[in-house]
Amino acid sequence: MKRLTASFRLLTSTFAMSLAMVPAWAQSAPAPALNLELNAARPSDKGCRLTFVVNNALGADLSKAAFEIALFNEAGIVDRLTVLDFKDLPAGKTKVTRFDLAGADCGKLSRVLINSATECAGTGVEPAACMRGLKTSTRIAIAFGV
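Presented here is a report on the structure given in the accompanying data block. Fair warning: this is a prediction, and the values are worked out from it, not measured in the lab. (Residues numbered from 1 in each chain as written. Predicted model: local features only at pLDDT ≥ 70, side-chain atom pairs only at ≥ 80, totals over all residues. Heavy atoms only, no water.)

Topic: the environment of L109
Item 1. Structurally, L109 is set in strand β6 (residues 109–121).
Item 2. Judged by its relative accessible area of 11%, L109 is buried.
Item 3. Note: C-alpha distance between L109 and G76 (33 residues apart in sequence) is 8.8 Å.
Item 4. Setting aside chain neighbours within four positions, we find L109 in contact with C48, L50, L71, F72 and I142. (Helix = DSSP H or I, 4+ residues; strand = E, 2+ residues; numbered from the N terminus. Buried < 20%, exposed > 50% of the residue type's maximum accessible area, 1.4 Å probe, protein only. Contact = heavy atoms within 4.5 Å.)

What to know about the pairing of strand β1 (residues 33–43)
Item 1. Bridge analysis of β1 against strand β2 (residues 47–57) gives 10 bridges, and the strand direction is antiparallel. Across the sheet, L38 pairs through a bridge with F52, a residue of β2.
Item 2. With antiparallel pairing between neighbouring strands as the criterion, β1 and β2 make up a hairpin whose turn holds 3 residues.
Item 3. Both β1 and strand β7 (residues 134–138) contribute to a ladder of 5 bridges, which runs parallel. Looking at β7, one finds that N35 is bridged to K135. (Pairing = 2+ DSSP bridges.)

As for the side chain of E37
Item 1. Tracing the chain through its elements places E37 in strand β1.
Item 2. Reaching out from E37, the side chain makes a polar contact with the side chain of N39 at a distance of 2.7 Å.
Item 3. Within the structure, E37 has its side chain in polar contact with the side chain of R139 (distance 3.0 Å).
Item 4. If near-sequence neighbours (up to four positions away) are discounted, E37 is found in contact with T51, F52, V53, S137, R139 and F144. (Polar contact = N/O pair within 3.5 Å; in protein donor to acceptor, adjacent residues only side chain to side chain.)

Remarks on the state of the cysteines
Item 1. With the rule as written, the count across this model stands at 2 disulfides.
Item 2. Covalent S-S linkage joins C48 and C106, the inter-sulfur distance amounting to 1.9 Å. Classification of the bridge connecting C48 and C106 rests on its S-S torsion, roughly 110°, and on that basis the disulfide is right-handed. Separated by 58 residues along the polypeptide, C48 in strand β2 and C106 in the loop between β5 (94–102) and β6 bring together distant segments of the chain.
Item 3. What makes C48 buried here is its relative accessible area of 0%. (Disulfide = S-S within 2.5 Å.)

Observations concerning the sheet that holds β5
Item 1. Taken together, the 4 strands give an open sheet; going across it, the order is β5-β2-β1-β7, and neighbouring strands pair in mixed fashion. Since the sheet does not close on itself, it has two edges, and those belong to β5 and β7, each with one partner. Averaged over neighbouring strand pairs, the angle between their axes works out to 25° when direction is ignored.
Item 2. The pairing of β2 with β5 spans 9 bridges and is classified as antiparallel. Looking at the pairing, R49 lines up with D100 of β5. (Axes fitted to C-alpha atoms, helices over the stretch in contact; angles between N-to-C directions.)

Things to note about the environment of S137
Item 1. Turning to its location among the elements, S137 is positioned in strand β7.
Item 2. Residue S137 is classed as partly exposed on the basis of its relative accessible area, which comes to 34%.
Item 3. Leave out the neighbours within four places in its chain, and S137 touches L36, E37, L38 and F144.

Below, the structure written as structure tokens:
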């Protein structure tokens, strides 16, 4: 009977230790992402200059990444649709890009919406990867998202 109790204790403690290790092996690598942050909006000679910080964590180089965006005015009405071409985005690299939006008034922009990825190309990258992995954030008062 003592042997059976000792075996049961050993089995129980082994099981408990294996459960304690579950988080270590159950945690998976972070999901591939294309992190796009609206960092600044400042008046420029042409209109409004939007500054973005983008980090390609998709796990593959992008030779081309472009997005159709919608700009909303202070009343929530779509002011215009335009395409922003981020060009090449190497894997694991953070890049700062600026776009001058002719005739746009930064003070009247309330929201920037990403409508779609018009281009998403790279070796081993499927066209839908840019939108599927897109994570948006903003550091300014203008709402930004999908």
